[in-house]
Structure formats: structure tokens, C-alpha cells
Amino acid sequence: MTETATREFVHNLHELPHTVKDACFRLGKAPESEREESQATFHNLFLHIHSVRVHLRTLKPTLTFGLGLMAVASFAITIITGVLLMVYYKPSTDLAYQSIKDIHFTVSTGRFIRNIHRWSAQLMVLVVLLHMARVFFTASYKKPREFNWLVGLALLVITLALSFTGYLLPWDQLAYWAITIGSNIANSPRELTDAIGITKFLDPGGLQKRLLLGANYVGQDALIRFYVLHVFVLPLALVPLLGVHFWRIRKDGGLAKPEDPPGGLAEWGGEKRPVFQPLATKTYGLMALVKGNRPPVNRGPENTVMSWPHLFWAELSVFMTTVAVTLILSFYYDAPLKELANAAIPENPAKAPWYFLGIQELVSYSAFTGGLLIPVIVVVGLALIPFLDRRSGGEGTWFGTSNERSVFWQSLFFACAVTVGMLAFTVNYGWLRSWFPNIHQLWIIAINPGSLLVLIFAAWSLFILKRKDSVRLAAVSLFTCFLVGFTLLTYFATVHRGPNWHFYWWPSQWPVH
């Protein structure tokens, strides 16, 4: 009996690697049939967010360019490298800068890890913006995907907040004055309350600034708040929203795509075979008979393949591409680190992070209009898009409705001409304050280049609405105008704004101090 138990124990010990693998991976081997491929999807937490089958259009690189996956991959990279940096970072105004220098110059591979963290964060912001544009131009926000559009918009705001809060942590001159500019943008409502004389009784701008910084200046309170937001609060908010975003993609029938004609071919056992004609007219739920059709109703598996391994390999290739791009950028370009933060020596020019430079350009004309009013209008406008453009058609196709591509190009050239013309005019002739030094501030708030751009873009969109009789084309024109305006304002503030926010053709023309 003892000998038998001993032999059994030794045998179990010998088989330990196989039994552990079988426990973790239920199938226990590479899938050899469609049934096993389906089980591999069902039994894996990470694969189960996908359906068993995936449409061939979903696998086309030019449909999505993998932008959503690139954003997720960048977020994963920032989490991993961020945890490594937290081991050495000290969130104190006395120690933060020195800890960053230790990471940069002393810790083994510390500079490279910090570079990866920064570049993955910058890449995440960029691809999230591009992902939003892709979803819009493929009309992937339409029913039943309205809610997921709102979730994606919330993810965009959190992504910007994540990058912004991390900007202060090095506690160098670049970080200190960039956050000072950002906090002044948060304080922009004070321009309006000062103009109408109610700041003493109602000061929402000052409240926003104190909530952001914990004080009226950038100091220890601001650093610890930004640190907690950056490493805990915002990631904790982003991860559940990301899960909801993926869940809604699955429940809404996958990525948006045009309807397939009945029948067709699908992959069965590695071969393309015809499928059945859809006959369903009702949906049967588990609890009762319900009215209406769910997304899968009347859809056969035509033009689909198994998610495992086709979708898995596509996602893995996007992830590896993201890692490769991040590593290459990190190898050749270091994350910036300037002198220790000094409130007595301002950066000139002091610039916000690049994704807020367009707002900073508008703030230079009117703090309230550029820093609060226009961003609120843009965010609310984006949120309302799927509820105002409700006519079906064009889903899952770039510029899928009639005349959409031509309206896009017309709006692009129109927005370029208007934005460049407005910037050239202000550079050469100034604005109201230059012409009328004693003009009341309310006139500056109401009539400035930012407000005029918004009105001109809105008028252009209404013109397209009347001329083309299409809400979708009006939305395309307005979205394109704002996208072009954001890009040109960001470029202009990055390249052509120098000391004292004066215009220079190139940074090489800046005066030497």
C-alpha cells in the first residue's frame, strides 16, 4: 500500500507540468477542429471578449489600422514601465527631481525604461485621437453603438488626464511651467467673472484651480495630487471603462460593417462553404418572448472565419508593432529633463503639453473662450453626434455615404484657408485689444479668433446641411473643420510661437538670452 502510494506520488510529480498546463488551458493542446477552436475561445478569459467567429472585413488592416489595439498596447506598456519607475520615484518637491536623475543616470536601464514610458504615453494620446477620427469617418457610432461612442469619449478624456498628470512628476522646469499653464487654463472662467465683477462672490475658475493644485500655486500639494491621480485614480477609472468598451463591441455585433447579402461563403473546417439562408423573424430570450431583433438575428456566418487563430494573430501583430515603434523611439530619443523646477525663473515661452497647445493658442486671445467655452462646445458636440445623425447607412466603410468624400475634402481645404487666414491676420494686425486699448473685456471674450472660428465652422456645416440635405454630411463637414483647426493650431503654437508668445518663422530665430 505504501509502495503504491509512493509510486503514485512520484508519477504525479513527474506529470506535474502537464497537469498544471491542462488545468490552466482546458483544451490541453492546439485546436485541431472548429469545435476545439470554439472551446479555446470560450475557455480563455482574454479570448472570450471575442466572438467565436470574426468577419473578414474586421481583419482588413485598412478598416481600423489597429488603432484601438495600439491604444490598449500603449496603455499596457505604460502600466508595466510605470510600476518599475514607481520603485525609485519619490513624490516630493525636495526629492522628485533627484529621483528622476537617479533613474536617468544611475539605475541600470532606468533611462531606457523612462523613455519607453514617455513615448508609449505620447503614442497612446495620439492613437486614441486617431481612433476617434477613424470611428467617426467610418460611421461606427450609429445605432446600436451610440453608448459605446460615449464610453470612447470618456476614455479619450481620461487618457488626456493621465498624460497631463504625469507631466508634472519629473519636477523640472518643463513640467512645472507646463502645469502652470494648464492650471491657468483651468482658472480661465475668472476672465468672465472679473469682467462682470462677480469674482468676489462667485469664482468657479479659482475653485477649479484649487481643486486641481490643492493650492493657488504649483507646489507639494499639486505634486502629490497629480501623483495619486496618475498612478491610482485615473487608471482605476480607465480599466473598467475599457472593459465596458470591449464588452459593448462584442454585444453590438462586432466592428461596424455593411450588411452582407443572405447566404454566401464561410470558413468551415479550413474550407470555404455555403451557409444557410436566414429565416429568423423573432428573438427568443431566456425569460420571455421579446420584441425586436438583436444584432446577430438574420445573420449567418457568411464571410467569417474562426477568431482563433486568425484574430489572435492579427492582434498580436499590432501589439508587437506598437512595442517595436515604442522601443525604436525610446532608443533614439530621450525623455526630456530640464533644470530643477524654479518658480522664480519662468520658462519663456512656457508651453502646455502638445495636445493642449491648440487650446493655449486660443487662450492667448481669450482665456474664458479658449480655455473653457470652446472645449466644452467641442466635447458636447462630439457626444451628441450619434443622437443627431440617426439615419442608417455607411457603417463600417470609410466615407460610406454619397458625396461624403467630396464634402470631406471641401471642408478640409475650407478649414485650412480659414484657420491659416485667421492666424495670419492676427500676427500681422493684432486683434481688438491692439486696436482699442480701453475696450471692455466682455467684447474680447465675445469676439476673438477662437469664437469666430467656431462660428465660421458652424455656418459652413449649416450650409452643407441645407445644400446636401444630409445630417451625416453636415457632421462630416463640422468634424473635419474642427480636426483641421485643432491640428493647425497645435502646429502653429508648437513651431511658430516663441518668447513672450510672439510669432517666429522658426525656433532658430528666437532671441538669444
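For the structure itself, consult the block above.
Keep in mind it's a predicted model, so treat the numbers as computed, not measured. (Residues numbered from 1 in each chain as written. Predicted model: local features only at pLDDT ≥ 70, side-chain atom pairs only at ≥ 80, totals over all residues. Heavy atoms only, no water.)

Enquirer: Honestly, the pattern of salt bridges in this entry has me stumped. Any pointers?
Expert: Inspection of every chain in the model, using the stated rule, returns seven salt bridges. Two residues, D203 and R190, come together in a salt bridge whose shortest N-O distance is 2.4 Å. Taken together, the positions of D203 in the loop between α10 (189–195) and α11 (204–213) and R190 in helix α10 put the pair 13 residues apart, joining distant regions of the chain. R190 sits in the partly exposed class, given a relative accessible area of 28%. A salt bridge links R472 to E404; the shortest N-O distance between them is 2.7 Å. In this pair, R472 is assigned in helix α20 (residues 471–495) and E404 in helix α16 (residues 404–429), connecting sequence segments 68 residues apart. E404 matches R472 in its accessibility class, with the two residues each being buried. (Salt bridge = Lys/Arg side-chain N within 4 Å of Asp/Glu carboxyl O. Helix = DSSP H or I, 4+ residues; strand = E, 2+ residues; numbered from the N terminus. Buried < 20%, exposed > 50% of the residue type's maximum accessible area, 1.4 Å probe, protein only.)

Enquirer: I would appreciate a short explanation of unusual backbone geometry in the present structure.
Expert: If a residue is not glycine, its phi is most likely negative; likewise, a peptide bond is most likely trans. Of note, the amide linkage connecting K143 to P144 takes the cis form, showing an omega dihedral of 10°. Following the sequence through the fold, P144 ends up in the loop between α7 (110–137) and α8 (146–167). Cis geometry marks the peptide bond from N348 to P349; its omega dihedral reads 10°. Looking at the element boundaries, P349 is found in the loop between α13 (307–332) and α14 (357–363). The backbone of T109 shows a phi angle near 60°, a positive value even though the residue is not glycine. Here T109 is to be found in the loop between α6 (96–105) and α7. The exposed category is assigned to T109, whose relative accessible area is 52%. Phi at N500 is positive, roughly 60°, even though this residue is not glycine. Take N500: its relative accessible area is 55%, and that puts it in the exposed class.

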